Amino acid sequence: MTIFYRTALALSLLSVVACTPTPEHSTVDETAAALDLITLEVLEAHVRYLADDAREGREAGEPGYDDAANYVAEQFAAMGVVPAGSDGWYKPVELRSYMIDGESATFILHRDGQDTALTYRDDFSMSADAVRESTTVRAEVVYVGHGVHAPTHGYSDYEGVDVSGKIVALFRGAPEQIEGSERAYYASSRVKTEEAISRGAIGFISLRSRKAEERRSWEDAKKSIGKKARMAWVNDEGQPSGYFSEVQGSASISIAAAETVFGLSPISFEQALDAAEAGEVASAALGVDVTLAQRSTHSSSSSPNVIGMVRGTDPDLADEYVVYTAHLDHLGVIDVDEEDSIHNGAYDNAMGVALMLETARAFAAAPARRSVLFIALTAEEKGLLGSDYFANNPTVPAASIVANINLDMPLFLYPVADLVAFGSQHSSLHGPVEAAAAAEGFIFSPDPIPEENIFVRSDQFSFVRQGVPAVFLIPGFTSADESIDGEKLFRDHLKNHYHEPSDDMSRPIYWESALRFARAHTRIGYEIAGDAKRPVWNEGDFFGEKYARPAGD
Ligand SMILES: [Zn+2]
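Residues numbered from 1 in each chain as written. Predicted model: local features only at pLDDT ≥ 70, side-chain atom pairs only at ≥ 80, totals over all residues. Heavy atoms only, no water.

1. Topic: the overall build of the protein chain
- Along the backbone of the protein chain there are 17 helices and 21 strands.
- In terms of overall size, the protein chain behaves like a compact globule, its C-alpha atoms giving a radius of gyration of 24 Å where 553 residues would be expected to give roughly 24 Å.
- Projected onto its principal axes, the C-alpha positions of the protein chain cover 80 × 50 × 50 Å.
- For the protein chain, with 553 residues in total, the buried portion stands at 58%.
- When the accessible area of the protein chain is evaluated, it comes to approximately 22000 Å², of which 48% is carbon and sulfur surface.
- Treating the 45 positive side-chain charges of the protein chain as one cloud and the 84 negative ones as another, the clouds have centres 2 Å apart. (Helix = DSSP H or I, 4+ residues; strand = E, 2+ residues; numbered from the N terminus. Rg over C-alpha atoms; globule rule 2.2 N^0.38 Å. Buried < 20%, exposed > 50% of the residue type's maximum accessible area, 1.4 Å probe, protein only. Areas by Shrake-Rupley, 256 points an atom, 1.4 Å probe, with all protein chains shown as cover. Lys, Arg positive; Asp, Glu negative; His and termini not counted. Charge placed at Lys NZ, Arg CZ, Asp CG, Glu CD.)

Here it is in structure tokens:
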């Protein structure tokens, strides 16, 4: 670690000397003056307003979110950013909520003529159906490891097993030998669902790893089971996004319940856990049938993305857009019989929105050659819905979006020494990010937590899926104060405060670090929006090959 960081520091110092990031549209002085408009006091005021109890945790579709959306629009207006939604600042996203009737949730094992019913919440959770009022499916269970088919890595959990008409049981994540963002891709539940369905699977049982249990115990996690509706965005034909009608039942089970399901199977759950951890394929039919059944209720709501624009100054480039995003929504109020039920989301993601607002202030004062969009996104916490909606229904021509820079939960729990840009290694965005980090005195570090699959877990991935090079910025694990262990504080936040009511203004916040980070975030946009060359995926890059638009599209 230490050696690595020293190398990174040396490299970043070199790039300070090598690069003078000056957009051609304005003088060095103008850019510097624009950056100086970003102040610590205003950053803090944004976070305080958005994370206040009065916003009630900004849940998509709720009044607290609308309040926050209104705040963002007013801030944009005051800065001289112009509206770029369909309805002024807003682009409404129609949402379908679907909620399971907990009483109806059924999970029965059928083995050797004997039926064993598991208990909802104690043993399993179950997904509601976004379209059907009820579902029932009975089928044999096939264990498929991580459910990953990665032929370019010589790895397939589906080799030698037939899952047609079966329920697949699988772990989250992907085998460790597949590295970095590719692992994140194979770990994404959408990719896994598509793979399993293409092979005829009709149901899913999600298994819990030891690591997941360590991170958050089932005992703790089960308190929130079935408390909140799930959501999908709905297209003009009324179809919910990300819906697979082939899936007739889907449940998650505790480790204890998994031991029961694997019971008399050719492979024990212990062996399955060991194999999955070792990245070995151990897929097998479990010789047990399972019935999954549930009833769902549905409702509709609408929640807007808030979109502002600063028009570019170069007639040749002004019809191309750099898109800044940060999700504005959070979890709302979740009543789990605790004193504080408001999920304020100060870090997740009031902080990200605050940084984006201040970046917008700089661009409004000193526009770049390309146009820049600033989008406060809705319904990220419901599954990247606001960004997926925008990426599929953009307010500007899809092919004119050149890059996405996303912020989600930037933590300033200690004086931050480094900056991480998830996904930068895949495209030419790497250069601008590295230069911007160095210009603000940050070390530029690689992904410190590849096992968390961050690159596919926030809004930038919606853009990646549309072929747009993207980065997701966070402060790294290195503390400028050597007596503070940054990684320890990060992991503590993830374990004890992430998605909890305690993610509020009582958390430590190093505002000076936030300010410098906001400046670096802004510089990245200036670099990209000021460069006549459009960002490109790296030659032969995994994501570029998968998603890039053909030229001229
Ligand atoms: Zn979140």
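From this point, things continue past the structure.
2. Considering the packing of helix α11 (residues 346-365) against helix α16 (residues 511-530)
- Viewed as axis vectors pointing N to C, α11 and α16 meet at an angle of 55°, and their least axial separation amounts to 9 Å. Of the possible angle classes, the one that applies to α11 and α16 is oblique. As α11 packs across α16, the resulting crossing turns out to be right-handed. The segment α11 lies against α16, with M351, L355, M356, T359, A362 and F363 engaging W511, A514, F517, A518, H521, T522, G525 and Y526.
- Per-class residue counts for the contact of α11 with α16 are 10 nonpolar, 4 polar and no charged. (Axes fitted to C-alpha atoms, helices over the stretch in contact; angles between N-to-C directions. Parallel < 35°, antiparallel > 145°, perpendicular 65-115°, else oblique. Left-handed = near helix turned anticlockwise from the far one by under 90°. Contact = heavy atoms within 4.5 Å. Nonpolar A, V, L, I, M, F, W, Y, C, P; charged D, E, K, R; others polar.)

3. With respect to the coordination of the zinc ion
- Within the protein, the atoms that donate to the zinc ion are D348 (OD), E381 (OE), E381 (OE) and H499 (NE2), at distances of 2.0 to 2.4 Å.
- If you look at the zinc ion, its 4 donor atoms make angles of 57 to 147° with each other, and the shape they trace is irregular.
- Looking at D348, the relative accessible area reads 2%, which means it is buried. (Donors = N, O, S within 2.8 Å, 3.2 Å for Na, K, Ca; no water. Tetrahedral: all angles 85-135°; square planar, octahedral: opposite > 155°, others 65-115°.)

4. Some details on the pattern of salt bridges
- As enumerated under the stated definition, the model contains 30 salt bridges in all.
- Linking R55 and D67 is a salt bridge whose minimum nitrogen-to-oxygen distance equals 3.1 Å. In this pair, R55 is assigned in the loop between α3 (40-50) and α4 (63-79) and D67 in helix α4, connecting sequence segments 12 residues apart.
- Taking relative accessible area as the criterion, D67 reaches 32% and is therefore assigned partly exposed.
- A salt bridge links D274 to R210; the shortest N-O distance between them is 3.0 Å. On the criterion of sequence distance, the pair formed by D274 in helix α10 (residues 269-278) and R210 in helix α7 (residues 210-215) is long-range, its members being 64 residues apart.
- Given the relative accessible area of 40%, D274 is considered partly exposed.
- Through salt bridges with shared partners, a single network forms among D36, E440, R519 and R523. (Salt bridge = Lys/Arg side-chain N within 4 Å of Asp/Glu carboxyl O.)

5. A word on the environment of H497
- Within the secondary structure layout, H497 lies in the loop between α15 (486-496) and α16.
- The class for H497 is buried, based on a relative accessible area of 16%.
- For H497 and R507, which are 10 residues apart along the polypeptide, the C-alpha to C-alpha distance reads 8.8 Å.
- In this structure, H497 is in contact with D492, S502, D503 and R507, ignoring residues within four places of it in sequence.
- Among the polar contacts made by the side chain of H497, one reaches the side chain of R507 at a distance of 3.1 Å. (Polar contact = N/O pair within 3.5 Å; in protein donor to acceptor, adjacent residues only side chain to side chain.)

6. Some points on the pairing of strand β13 (residues 284-310)
- Taken together, the 2 bridges between strand β1 (residues 82-83) and β13 define a ladder with antiparallel strand orientation. Paired with P83 across the strands is G308, a residue of β13.
- Bridge analysis of strand β2 (residues 90-100) against β13 gives 11 bridges, and the strand direction is antiparallel. Bridge pairing in β13 links Y90 to V306.
- Of the pairings in the sheet, the one linking strand β3 (residues 106-111) to β13 comprises 5 bridges and is antiparallel in character. In the sheet register, I108 faces β13, and the bridge partner there is T291. (Pairing = 2+ DSSP bridges.)

7. Looking at the nonpolar core
- One finds F76, V306, L328, F374, L419, L473 and F543 to be the most contacted residues of the largest nonpolar core, which totals 98 residues.
- Of the residues forming this core, the biggest block, 12 residues, is contributed by α11.
- The contact partners of L473, leaving out residues within four places of it in the chain, are I405, N406, L407, L419, V420, A421, V433, F517, H521 and I524. (Core = buried A, V, L, I, M, F, W, Y, C linked by side-chain atoms within 4.5 Å.)

8. Comments concerning the side chain of R370
- Positionally, R370 belongs in the loop between α11 and β17 (371-377).
- Within the local environment of R370, its side chain forms a polar contact with the backbone oxygen of I528, the two atoms lying 2.9 Å apart.
- Setting aside residues up to four positions removed in sequence, R370 forms contacts with G312, L317, E320, V322, V402, I528, A529, D531, A532, K533 and R534.

9. Observations regarding unusual backbone geometry
- For the peptide bond that leads from D348 to N349, omega is 10°, which places it in the cis range.
- Checked against the element boundaries, N349 lands in helix α11.
- The backbone of E56 sits at a positive phi, close to 50°, despite the residue not being glycine.
- Take E56: it is sitting in the loop between α3 and α4.
- When its relative accessible area of 42% is taken as the criterion, E56 is described as partly exposed.
- Despite not being glycine, L384 has its phi angle at roughly 55°, a positive value.
- Checked against the element boundaries, L384 lands in the loop between β17 and α12 (385-392).

10. Quick notes on a negative patch on the surface
- A cluster of acidic residues, D52, D53, E56, E62, D66, E339 and D340, forms a negative patch at the surface.
- Tracing the backbone shows E62 in the loop between α3 and α4. (Patch = residues over 30% accessible without salt bridge, like charges linked within 9 Å, V, L, I, M, F, W, Y side chains within 5 Å.)

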